[in-house]
Amino acid sequence: MVPFDFPGEPTPNGYSNVVTIHEGSRLIWTSGQVAAGPDGAVPDGWEAQTRQVFRNLGAALAQAGAAWADVVKLTFYVVDTDELPVVRAVRDEFVNVAAPPTSTLIRVAGLFRPEFLIEVEAVAAI
């Protein structure tokens, strides 16, 4: 993945405006991942839920032979944007902050279960 920015555009906060992938790369898409742990338990709070979501994404990526360094796109669905700094801090524990993936954040009225605060899907290129 090669990130680059547009001249004259504002500097993105923790994501790239555009990335390119190497010719011959295989693309991998994950389903949206929520904060249910292996036992089905849902942790409380934004930090714990975001961390569980990223663990779940990491496991899904690994199943397809990908790693966090291969992620080129993240899509976030959140029920509130007040805790965005927490979400970004946890995200930065997982992604390559020197060459971050592209990103979209969508605020939604709710997710499929009311206890879920965040859902994230990823696209990777290997």
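In this report, the structure presented in the accompanying data block is examined. As the structure is a computational prediction, the values presented were derived from the model and not from experiment. (Residues numbered from 1 in each chain as written. Predicted model: local features only at pLDDT ≥ 70, side-chain atom pairs only at ≥ 80, totals over all residues. Heavy atoms only, no water.)

Right, let's get into the overall build of the protein. Within the protein, the secondary structure is distributed over two helices and six strands. Seen in sequence order, the protein has helices and strands lined up from the N terminus as β-β-β-α-β-α-β-β. Here the C-alpha radius of gyration of the protein, 14 Å, is about what a compact globule of 126 residues would show, namely 14 Å. Projected onto the principal axes, the alpha-carbon positions of the protein cover approximately 40 × 35 × 20 Å. Per-residue burial over the protein gives 38% buried out of 126 residues. Charge separation in the protein, taken as the distance between the mean sites of 8 positive and 15 negative side-chain charges, equals 2 Å. (Helix = DSSP H or I, 4+ residues; strand = E, 2+ residues; numbered from the N terminus. Rg over C-alpha atoms; globule rule 2.2 N^0.38 Å. Buried < 20%, exposed > 50% of the residue type's maximum accessible area, 1.4 Å probe, protein only. Lys, Arg positive; Asp, Glu negative; His and termini not counted. Charge placed at Lys NZ, Arg CZ, Asp CG, Glu CD.)

With that settled, consider the pairing of strand S6 (residues 118-125). The element S6 is largely enclosed, with a buried count of seven among its eight residues. Relative to S6, strand S3 (residues 27-29) runs antiparallel, the two sharing three bridges. Counted as the bridge partner of Ile-28 is Ala-124 from S6. (Pairing = 2+ DSSP bridges.)

Looking now at the nonpolar core. Among the nonpolar cores identified, the biggest contains 24 residues, and Trp-68, Leu-74, Ile-118 and Val-120 are the most heavily contacted of them. Among the elements of the structure, helix H1 (46-63), strand S4 (71-78), helix H2 (84-94) and S6 are those that each provide at least two residues to this core. For this core, the element with the highest residue contribution is H1, accounting for five residues. Among residues more than four places away in sequence, those in contact with Leu-74 are Phe-54, Trp-68, Arg-91, Val-95, Pro-101, Thr-102, Ser-103, Thr-104, Val-120, Glu-121 and Ala-122. (Core = buried A, V, L, I, M, F, W, Y, C linked by side-chain atoms within 4.5 Å. Contact = heavy atoms within 4.5 Å.)

If you trace the four strands from one edge of the open sheet to the other, you get S3-S6-S4-S5, paired in mixed fashion. Because the sheet does not close on itself, it has two edges, and the strands there are S3 and strand S5 (102-107). Averaged over neighbouring strand pairs, the angle between their axes works out to 10° when direction is ignored. In the packing of H1 onto the sheet, the strands contacted are S4 and S6, and the crossing angle to S6 comes to about 30°. (Axes fitted to C-alpha atoms, helices over the stretch in contact; angles between N-to-C directions.)

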